[in-house]
Amino acid sequence: MAAAAATVTAAAASTGGGGKRETDNAGAGMPKKARKGRSPPEEEVEAFLAAAEAGVARRFAAKYNYDVVKDAPMDGRYEWVRLRP
């Protein structure tokens, strides 16, 4: 019986499965209703992403005194020097 257990363990290790089933985790943690494939309206997505991008730009400007929207340095802690290749 020990030989059979060793064979099963070796077979599981060689397949990489480890005895666990592979499942589709694409919807893991999401409510069942949210997995139906319906997307929010494009305007809502654009507004959400624009707000998120603006927040990142504000935090970056505050930290590095560089305005990424205008692509220009600002007064502050760092001195920016333009490099020309």
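As a starting point, this report considers the structure included with it. Note that the structure is a prediction, hence the values are computed from the model and not measured. (Residues numbered from 1 in each chain as written. Predicted model: local features only at pLDDT ≥ 70, side-chain atom pairs only at ≥ 80, totals over all residues. Heavy atoms only, no water.)

The next subject is helix α2 (residues 42–64). In a regular helix each residue adds 1.5 Å, so 23 residues correspond to 33 Å; α2 covers 32 Å between its end C-alpha atoms and thus fits that length. Within α2, burial applies to Gly55, Ala57 and Ala61. Those residues of α2 that are buried are in contact with β1 (66–67). Backbone geometry just after α2 places Asn65 at a positive phi near 45°. (Helix = DSSP H or I, 4+ residues; strand = E, 2+ residues; numbered from the N terminus. Expected span 1.5 Å × (residues − 1). Buried < 20%, exposed > 50% of the residue type's maximum accessible area, 1.4 Å probe, protein only. Contact = heavy atoms within 4.5 Å.)

Attention shifts here to the packing of aromatic side chains. Under the criterion given, the structure shown has three aromatic pairs. A ring pair is formed by Phe60 and Tyr64, whose centres lie 4.8 Å apart and whose planes are at 45°; its orientation type is tilted. Of this pair, Phe60 and Tyr64 both sit in helix α2, separated by four residues, roughly a single helical turn. Phe60 gets classed as partly exposed once you look at its relative accessible area, which sits at 30%. Overall, the relative accessible area of 29% leaves Tyr64 in the partly exposed class. Look at Tyr64 and Tyr78: their rings are 5.9 Å apart centre to centre, the planes differ by 35°, and that puts the pair in the tilted class. Within this pair, whereas Tyr64 is found in helix α2, its partner Tyr78 is found in the segment after β2 (72–73), the two being separated by 14 residues in sequence. Grouped by ring-pair contacts, the aromatic residues Phe60, Tyr64 and Tyr78 constitute a single cluster. (Phe/Tyr/Trp six-rings, centres within 6.5 Å; stacked < 30°, edge-to-face > 60°.)

All quantities given are derived from atomic positions and should not be read as evidence of function.
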